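# Commentary on secondary and tertiary structure
Chain by chain, the residues:
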Amino acid sequence: MTMSLRACVLLSLLLPASGATAAEAVADAAARQQPAMVEWRRDFHRHPELGGHEVRTADTVARELRAMGLEPRTGIARTGVVAVLKGALPGPRIALRADMDALPVKEETGLAFASTATSSYRGQAVSVMHACGHDLHMAILLGVARALVERRDSLRGEVMFVFQPSEEGPDEAGAPFGARLMLDEGVWKDFRPEAVFGLHVWSSLQVGQVGFRSGPLLASADEWTLTVRGRQTHGSRPWDGVDPITIGAQVLLGTQSMIARQVNIASTPVVLTAGQFNSGVRFNIIPDEAVLVGTLRTFDPEVREDVVARFRRIADAYAQAAGGSAELSVVSNAPATINDPALARRVLPSLQAAVGADNVVEMPLQTIAEDFSQFANEVPGAFFLVGTTPAGQDPAKMPINHSPKYAPDEAALELGARAMLQVVLDYLGGEPG
């Protein structure tokens, strides 16, 4: 029986050793990158930068890509970096994406390389931390890039490495940012891939596990702002004014009743959350205005439109009933992340080959969001999750992504690189895994 084309390609690319399987060759290639990935990750972690301000981060990424012999383009969407690796053999064009920005979070991990960085976010002084794992994402993509560059003489096709800023959202609501801004500035004008791949580290999975599903995986993310206007009066005489705080509270409770009673959440999940409720300056003054800010998560564009319309009607009705007014603004930060079904059928066997079929978990719908979806709405995309909870520890009891105590196991670097390498090489080799 002859060896498959995929196995031949992988072995020639990575580890042309007698008796080695393709999966073993990929695993060895990822393992060889682990020391560098750990070093990169810790450097990024010590020096986190908020979205749109990833100046040092971008410089570091570009320097490492140049050291590999690549020619990075910088300054896309302010701080984005891309580089293209052309293999010696003809083949498909694909893109791999990693996000670069950190969060306004004060680190509480106690790690020797913990962040002490500070910055400003929407007018507030904040601490800064890679609390979501983007430091790992960059390190993994650099490791994958170097593993592919080392075998470029046998590589099929072309690979674009995309280091994207501002995945967590814009500096100001409604401002252009991240993946959408990179596309608008022509990141794929001269290099349009036929597929795009990405990953995200995830605390709810053990190290060694990969989460994946065909179709919808992550929710869309909308940032909403509700401005309620009343009429100021003394706190002891509420009947002389219109209380915007009470109206805002009624609207918020009304939206929860709407989701529970008017939306078929058995068909598709919906989450509507308020993260800010700002109003007033003194304990005994009813103010003129209250502002609520929050997020809406959905998986179906039609459901999203219906929920927004119902939200607006509820706000108007409560405000008018009290003699006030309400204005709802909704800004889309990211569409739902949907794994292209045909591409998912090719990716799943590759993930199973990389980490073992038993370690590929079919994920339920996740209400987190990712603007990787902007890329995946342009060309077929596949996105998977990489576990970061150490062996022997319960993921349900571990600090989650965005926690000030989130400290992913660095073994996830090697596993993430292994999974992505397997996906890339299988795709470029022209065979499903």
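What comes next is a walk through the structure. Keep in mind that this is a model prediction, so the values were computed, not measured.

## Some words on the overall build of the protein
The helix and strand tally for the protein stands at 10 helices and 18 strands. With the C-alpha coordinates aligned to their principal axes, the bounding extent of the protein is approximately 85 × 45 × 45 Å. For the protein, the proportion of contacts with a sequence separation of at least 24, taken over those separated by at least 6, is 81%. Carbon and sulfur atoms form 51% of the exposed surface of the protein, whose accessible area is close to 18100 Å². Here the protein carries 38 positive and 49 negative side-chain charges, and the mean point of each set is 0 Å from the other.

## Brief notes about the packing of helix H6 (residues 244–262) against helix H7 (residues 301–322)
Two elements in contact, H6 and H7, have axes separated by 9 Å at closest approach and are oriented at 140°. When the axis of H6 is compared with that of H7, the two are oblique. The hand of the H6/H7 crossing is right-handed. Each of Ile-247, Gln-250, Val-251, Gly-254, Thr-255, Met-258 and Gln-262 in H6 lies in contact with H7, whose residues at this interface are Val-307, Arg-310, Phe-311, Ile-314, Ala-315, Tyr-318, Ala-319 and Ala-322. Along the lines of polarity and charge, the residues of the contact of H6 with H7 split into 10 nonpolar, four polar and one charged.

## A few points about H6
Its 19 residues place the ends of H6 25 Å apart at the C-alpha level, agreeing with the 27 Å of an ideal helix rising 1.5 Å per residue. Of all the residues in H6, the buried ones are Pro-244, Ile-247, Gly-248, Val-251, Gly-254, Thr-255, Met-258 and Ile-259. Projection of H6 onto a plane perpendicular to its axis shows the buried side chains occupying an angular sector of 135°, all on one side. In H6, the exposed positions that point more than 90 degrees away from the buried face belong to Leu-253 and Arg-261. Check the buried side of H6 and you find it contacts strand E10 (220–229), strand E12 (271–279), strand E13 (285–286), strand E14 (289–298) and H7.

## What to know about the side chain of Thr-388
Looking at where Thr-388 falls in the secondary structure, it is placed in strand E18 (residues 381–389). Polar side-chain contacts of Thr-388 include one of 2.9 Å to the side chain of Tyr-406.

## Focus: helix H10 (residues 411–428)
Helix length check: H10 (18 residues) gives 26 Å between terminal C-alpha atoms against 26 Å at 1.5 Å per residue, within 8%. Most of H10 is tucked away, with 16 of its 18 residues classed as buried.

## What about empty space enclosed by the protein?
Taken as a whole and assessed by the stated rule, the structure comprises three cavities of 30 Å³ or more. Contributing to the lining of the largest cavity are Leu-96, Arg-97, Ala-98, His-137, Ile-140, Leu-141, Leu-199 and Met-420. Put simply, the parts of the chain that give the lining of the largest cavity at least two residues each are strand E3 (89–99) and helix H4 (134–149). Here the lining of the largest cavity is built from residues that sort into six nonpolar, one polar and one charged.

## Observations regarding the sheet that holds E3
One open sheet holds the eight strands; their spatial order is E1-E2-E6-E3-E7-E18-E8-E17, and the pairing between them is mixed. The open sheet has two edge strands, strand E1 (73–76) and strand E17 (360–362), and neither has a second partner. Sheet twist, expressed as the mean angle between neighbouring strand axes with direction ignored, is 25°. Packing against the sheet, helix H3 (residues 55–67) makes contact with E1, strand E2 (80–86) and strand E6 (156–164), and its axis sits at approximately 15° to E2.

Conventions used here
Residues numbered from 1 in each chain as written. Predicted model: local features only at pLDDT ≥ 70, side-chain atom pairs only at ≥ 80, totals over all residues. Heavy atoms only, no water. Helix = DSSP H or I, 4+ residues; strand = E, 2+ residues; numbered from the N terminus. Contact = heavy atoms within 4.5 Å. Areas by Shrake-Rupley, 256 points an atom, 1.4 Å probe, with all protein chains shown as cover. Lys, Arg positive; Asp, Glu negative; His and termini not counted. Charge placed at Lys NZ, Arg CZ, Asp CG, Glu CD. Axes fitted to C-alpha atoms, helices over the stretch in contact; angles between N-to-C directions. Parallel < 35°, antiparallel > 145°, perpendicular 65-115°, else oblique. Left-handed = near helix turned anticlockwise from the far one by under 90°. Nonpolar A, V, L, I, M, F, W, Y, C, P; charged D, E, K, R; others polar. Expected span 1.5 Å × (residues − 1). Buried < 20%, exposed > 50% of the residue type's maximum accessible area, 1.4 Å probe, protein only. Arc of directions from axis to C-beta. Polar contact = N/O pair within 3.5 Å; in protein donor to acceptor, adjacent residues only side chain to side chain. 1 Å grid on protein atoms, 1.4 Å probe; cavity = no way out; pocket = protein on both sides within 12 Å on 5 of 7 lines; lining within 4 Å. Points joined across faces, edges and corners; volume = space filled by probe spheres on them. Pairing = 2+ DSSP bridges.

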